[in-house]
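Per-entry structural report
Below are the chains, spelled out letter by letter.
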Amino acid sequence: MIGYPAKLLEILLTPLAAFLLAGMLFGLQRRLAARLQSRLGPPLWQPFLDLAKLLAKESRLTNPWLAVCPRLQLAAATVALVLFVLRSDLLVILFVHMAGGSFLVVGGLGSTSPYSQCAGQRQLWQMFAAETILFLLAAALYMTTGSFGLEPLYTLQQPLLLRLPLMFAAYLVALAIKMRKSPFDFAGADHSHQELVGGVLTDYSGRHLALAEVAHWFEVVLYLAFGTLFWTTDFAGGLLLALASFLTVNLLDNSTARLTWRWLLTRSWLAAVSLAVLNLLLLGV
Amino acid sequence: MMEKIIGFSRRKSPWLLHFDCGSCNGCDIETVAALTPVYDVERFGVVNVGNPKHADILLVTGTVNQRNQRVLATLYQQMPAPKVVVAIGACGLSGGIFRQAPNVVGGVDRVIPVDVYIPGCPPRPEAIIDAVLLAVEKLDAGGKKTSVEKR
């Protein structure tokens, strides 16, 4: 009975902690990109300022779905995060997250903007690419612990990274796709790296855009949390590994030029999935 | 308290939309130069968004003519309030050397309300950054509420 208030506190604190962490991480990556281009860059808390401004800006809708989609996506991402913190079942977490993520596609296709339509299609491909890798990760967890639950992972004697090094490489690809980082930023078209000037968020404005942005923050935190699963023997190790993955993806973003979605699917995704499957086979040996 | 936070965030996070309204590209080169490492306007939170629905400040270079005045008005209408407009260069201010041409309507303010004018042919990047920061102050005050007038 004593566990309940603590659990409730955990549930309430998770979104708050994720919000603060994600804002700082997104500020850090803008600053990092600026430094790599010998610029000073914006302050670390810039994402929070952008968010406050967007919330106070006029919000227009071209389609009511644009108001519904970011809210559902945010709700799903929050639930998935809380489930992760409560060490629930990885498959459940993945399904909840996927259900929410699909609303980004619905929002994109719900707009009349051709940029948004095109990016909606690409977002589907990206979801397909990233989620397959994560499901293979879930399969690997099952093969090592005999359960899809996260709890048994925390009783392992040695870090999972030592048994799943190839899976970790595949995870980095999934993380880059989720973070909308070059070379995988087709749907977001966030940084004008792509041939499209706008992405799925083209028709969003004001607080709808702000909520879509927070949903994206939460999803990235969730993906970074998946990274900590590779090092569950001590907390600091997992945290460092997630931070290292985050920095690696950012370095990749700043050192690669634009690529096409065909490249994503044929080369990098196939390579990542092959690595993951190879690792699964090695586990079976 | 809320007003202060909103005002502060508005001043610190101006997102730009740059529209070349028939400029010779001289002003555009100077405008884009402000985003480069030399001037680095991103340190003020400025982002070149390329989407009117996300933008706070509309930067317009070049003369307005009969063909593109409709595009300019549409872009302005698509921006959510509060919003401000900065007209860049002699052409944006009055039509410049093209003023007397039969197809030229004139400066940007013939079509949409302009908040900040930057003279020069072309103006220096420093002047453009200065104007953007001046526009940011006007944005904090709420910007002009007037809608597009047909001329």
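Being a predicted model, the structure only gives us computed values, none of them experimental.

With respect to the overall build of chain B
Check the secondary structure of chain B and you find five helices and seven strands. Along its sequence from the N terminus, chain B presents helices and strands in the succession α-β-α-β-β-β-α-β-α-β-β-α. Computed over C-alpha atoms, the radius of gyration of chain B comes to 15 Å, within 12% of the 15 Å expected from 2.2 N^0.38 for 151 residues, which places it in the range of a compact globule. Over its C-alpha atoms, taken along the principal directions, chain B stretches across nearly 50 × 35 × 20 Å. For chain B, the proportion of contacts with a sequence separation of at least 24, taken over those separated by at least 6, is 81%. In the form shown here, chain B has an accessible surface area of approximately 7200 Å², with 58% of it arising from carbon and sulfur atoms. Here chain B holds 17 positive side-chain charges and 14 negative ones, and the gap between their average locations is 8 Å.

Some thoughts on the overall build of chain A
What chain A contains, in helices and strands, is nine helices and zero strands. The C-alpha radius of gyration computed for chain A amounts to 19 Å, which stays within 12% of the reference 19 Å derived for 285 residues, consistent with globular compactness. When the backbone C-alpha atoms are referred to their principal axes, chain A occupies close to 55 × 50 × 40 Å. Counting over 285 residues, chain A shows a buried share of 52%.

A word on the interface of chain A and chain B
With 27 residues of chain A in contact, the opposing surface of chain B contributes 28 residues. Interface area for chain A against chain B, summed over the two sides, is near 2200 Å², with a carbon-plus-sulfur share of 51%. Counting the surface chain A buries against chain B, the share from its top three residues, A:Arg39, A:Lys53 and A:Lys57, is 28%. Inspection of the chain A/chain B interface yields six salt bridges. Salt-bridge contacts for B:Glu42 lead to A:Arg39; the nearest nitrogen and oxygen are separated by 2.6 Å. On the surface where chain A and chain B come into contact, there are 23 residue pairs in polar contact (both at pLDDT 80 or more). Elements that contribute at least two residues to the side of chain A that touches chain B include exactly α1 (3–36) and α2 (46–56) of chain A. The dominant element in the side of chain A that touches chain B, judged by the number of residues it contributes, is α2(A), at seven residues. Classifying every residue of the side of chain A that touches chain B by side-chain character gives twelve nonpolar, seven polar and eight charged.

Quick notes on a nonpolar patch on the surface
Residues A:Leu9, A:Leu13, A:Leu16 and A:Leu20 make up a contiguous nonpolar surface patch of about 380 Å² in total accessible area. Assignment of secondary structure puts A:Leu13 in helix α1.

A word on helix α5 (residues 114–145) of chain A
Residue and element names in this part refer to chain A. Taking 1.5 Å per residue as the helical rise, α5 with its 32 residues ought to reach 46 Å, and the 46 Å between its terminal C-alpha atoms agrees with that figure. A side-chain oxygen of the first residue of α5 lies 3.2 Å from the backbone nitrogen of Tyr 115; this N-cap is Ser 113. Two residues or fewer after α5 comes Gly 146, characterised by a positive phi angle close to 80°.

Some thoughts on the pairing of strand β5 (residues 84–88) of chain B
As a general feature of sheets, a regular strand has side chains that alternate between the two faces. Residue and element names in this part refer to chain B. Counting buried residues along β5, five of its five residues qualify, which places the element largely inside the surrounding structure. On β5, burial covers both faces: Val 84, Val 86 and Ile 88 on one face and Val 85 and Ala 87 on the other are all buried. Relative to β5, strand β3 (residues 57–61) is paired through five bridges, and the arrangement is parallel. Across the sheet, Val 60 pairs through a bridge with Ala 87, a residue of β5.

Considerations on helix α5 (residues 125–140) of chain B
Residue and element names in this part refer to chain B. Taking 1.5 Å per residue as the helical rise, α5 with its 16 residues ought to reach 22 Å, and the 23 Å between its terminal C-alpha atoms agrees with that figure. When we look at burial in α5, the residues that qualify are Pro 125, Ile 128, Ile 129, Ala 131, Val 132, Ala 135, Val 136 and Leu 139. Each buried residue of α5 lies within a common arc of 160° when the element is viewed along its axis, so the set occupies one face. Contact partners of the buried residues in α5: α1 (2–12), β1 (15–20), α2 (26–33), β3, β5 and β7 (116–118).

Brief notes about the packing of aromatic side chains
All names here are of chain A. Considering all chains together, one arrives at 13 aromatic pairs over all chains under this definition. An angle of 50° between the planes, with centres 5.4 Å apart, marks the rings of Phe 95 and Phe 135 as tilted. Pair noted here: Phe 95 is in helix α4 (residues 90–110) and Phe 135 is in helix α5, with a separation of 40 residues, a long-range link. Overall, the relative accessible area of 26% leaves Phe 135 in the partly exposed class. Pairing Tyr 223 with Phe 226 gives two aromatic rings, centres 5.7 Å apart and planes at 55°, and the pair type is tilted. Of this pair, Tyr 223 and Phe 226 are both found in helix α7 (residues 206–228), three residues apart, which corresponds to roughly one turn of the helix. An identical accessibility class is assigned to Tyr 223 and Phe 226; each is buried.

Procedures and definitions
Residues numbered from 1 in each chain as written. Chains lettered and ligands numbered in written order. Predicted model: local features only at pLDDT ≥ 70, side-chain atom pairs only at ≥ 80, totals over all residues. Heavy atoms only, no water. Helix = DSSP H or I, 4+ residues; strand = E, 2+ residues; numbered from the N terminus. Rg over C-alpha atoms; globule rule 2.2 N^0.38 Å. Contact = heavy atoms within 4.5 Å. Areas by Shrake-Rupley, 256 points an atom, 1.4 Å probe, with all protein chains shown as cover. Lys, Arg positive; Asp, Glu negative; His and termini not counted. Charge placed at Lys NZ, Arg CZ, Asp CG, Glu CD. Buried < 20%, exposed > 50% of the residue type's maximum accessible area, 1.4 Å probe, protein only. Buried area = accessible area lost by both parts, 1.4 Å probe. Salt bridge = Lys/Arg side-chain N within 4 Å of Asp/Glu carboxyl O. Polar contact = N/O pair within 3.5 Å; in protein donor to acceptor, adjacent residues only side chain to side chain. Nonpolar A, V, L, I, M, F, W, Y, C, P; charged D, E, K, R; others polar. Patch = residues over 30% accessible without salt bridge, like charges linked within 9 Å, V, L, I, M, F, W, Y side chains within 5 Å. Expected span 1.5 Å × (residues − 1). Pairing = 2+ DSSP bridges. Arc of directions from axis to C-beta. Phe/Tyr/Trp six-rings, centres within 6.5 Å; stacked < 30°, edge-to-face > 60°.

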